[in-house]
Each structure stands twice: as C-alpha cells, then as structure tokens.
Amino acid sequence: MDTTETLRSIFDRIKLLDALEQGIDLNHPAHRFTVWSAGFSDRLQYCGSRQSLDAARMHADAHIGLKNLYIVRGPLDSFGIMKFERH
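None of the values given here were measured: they were computed from a predicted structure.

**So, the overall build of the protein chain**
- Assigned secondary structure in the protein chain consists of two helices and four strands.
- Going residue by residue from the N terminus, the α and β elements of the protein chain occur as α-β-β-α-β-β.
- Overall size of the protein chain, expressed as C-alpha extent along the three principal axes, is 30 × 30 × 20 Å.
- In the protein chain, which comprises 87 residues, the share counted as buried stands at 34%.
- Put simply, of all contacts in the protein chain between residues at least 6 apart along the chain, 40% involve residues at least 24 apart.
- Of the roughly 5300 Å² of accessible surface on the protein chain, 55% is carried by carbon and sulfur atoms.

What follows is the structure, encoded as structure tokens:
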C-alpha cells in the first residue's frame, strides 16, 4: 500500500467511524482542520480543531509524546489529509 492509499484508509476510518463516535462533524466550520492521533487502539483519537493549517500544525506539534499525528481538512466534499512530521 502506498502513502496515498494509507492516508485515504486513515481518512476513511476517521470519517466513517472515529469522528462519528467522538461527535466531530467534519462538515462544521469549527472543524475546518482537525488533528488526530493513531496508536491508542484500533481507532484514532481526536486531539482538537483549528481554523488554519498553521494553527493545526502548531497544535499537533504541542502533542510531543504522540508519534502518529494526522491533520484532516474539511469539509468532506473537499477533504484533505496529511501525516504530521516534526522537523
């Protein structure tokens, strides 16, 4: 599985399961950029929402102990997802 397929499968898990279970409406303007962490179990954990990509990156960077962080851009009809990498 290449990176694009991996990110798509992670987004599908967030969209179809984890966001719904955690009450996060990815179409709501308050959740324009959401930060998610993998590795707690078989699900992703919502870490917070921000209004800009830069703010989402800063929020992800503040989660020092978490390795697998993803930033999702909504709304769902124009979604985007990226794996957050520390530099």
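**Focus on the sheet that holds strand β4 (residues 80–84)**
- Read across the open sheet, the four strands follow the order β2-β1-β3-β4; overall the sheet is antiparallel. Unpaired on one side and paired on the other, β2 (44–50) and β4 mark the two borders of the sheet. On average, adjacent strands in this sheet sit at an angle of 25° to one another, irrespective of strand direction.
- Examined bridge by bridge, strand β3 (residues 68–73) and β4 share five bridges and lie antiparallel to one another.

**A short note on the pattern of salt bridges**
- Throughout the structure, instances matching the rule amount to two salt bridges.
- Across the pair Asp-12 and Arg-8 runs a salt bridge whose closest N-O atoms are separated by 3.3 Å. Here Arg-8 and Asp-12 lie together in helix α1 (residues 3–21), a separation of four residues that amounts to about one turn.
- Classification of Asp-12 by relative accessible area gives partly exposed; the value is 24%.
- Assessed through its relative accessible area of 36%, Arg-8 is described here as partly exposed.

**Here's the deal with the pairing of strand β1 (residues 33–38)**
- The element β1 is largely enclosed, with a buried count of five among its six residues.
- Here β1 pairs with β2 via six bridges, running antiparallel. Residue pairing across strands places Trp-36 opposite Tyr-46, the latter belonging to β2.
- Of the pairings in the sheet, the one linking β1 to β3 comprises six bridges and is antiparallel in character. Paired with Ala-38 across the bridge in β3 is Asn-68.

**Observations regarding the nonpolar core**
- Grouped together as the largest cluster of nonpolar side chains are twelve residues: Leu-7, Ile-10, Phe-11, Ile-14, Ala-19, Ile-24, Leu-26, Trp-36, Leu-44, Tyr-70, Val-72 and Ile-81.
- The element best represented in this core is α1, accounting for five residues.
- Each residue touching Tyr-70, except ones within four places of it in the same chain, is listed here: Leu-7, Ile-10, Thr-34, Val-35, Trp-36, Ala-38, Leu-44, Ile-81, Met-82, Lys-83 and Phe-84.
- Among the nonpolar cores identified, the runner-up in size contains eight residues, and Phe-33, Val-35, Cys-47 and Ile-71 belong to it.

Basis of the calculations
Residues numbered from 1 in each chain as written. Predicted model: local features only at pLDDT ≥ 70, side-chain atom pairs only at ≥ 80, totals over all residues. Heavy atoms only, no water. Helix = DSSP H or I, 4+ residues; strand = E, 2+ residues; numbered from the N terminus. Buried < 20%, exposed > 50% of the residue type's maximum accessible area, 1.4 Å probe, protein only. Contact = heavy atoms within 4.5 Å. Areas by Shrake-Rupley, 256 points an atom, 1.4 Å probe, with all protein chains shown as cover. Pairing = 2+ DSSP bridges. Axes fitted to C-alpha atoms, helices over the stretch in contact; angles between N-to-C directions. Salt bridge = Lys/Arg side-chain N within 4 Å of Asp/Glu carboxyl O. Core = buried A, V, L, I, M, F, W, Y, C linked by side-chain atoms within 4.5 Å.

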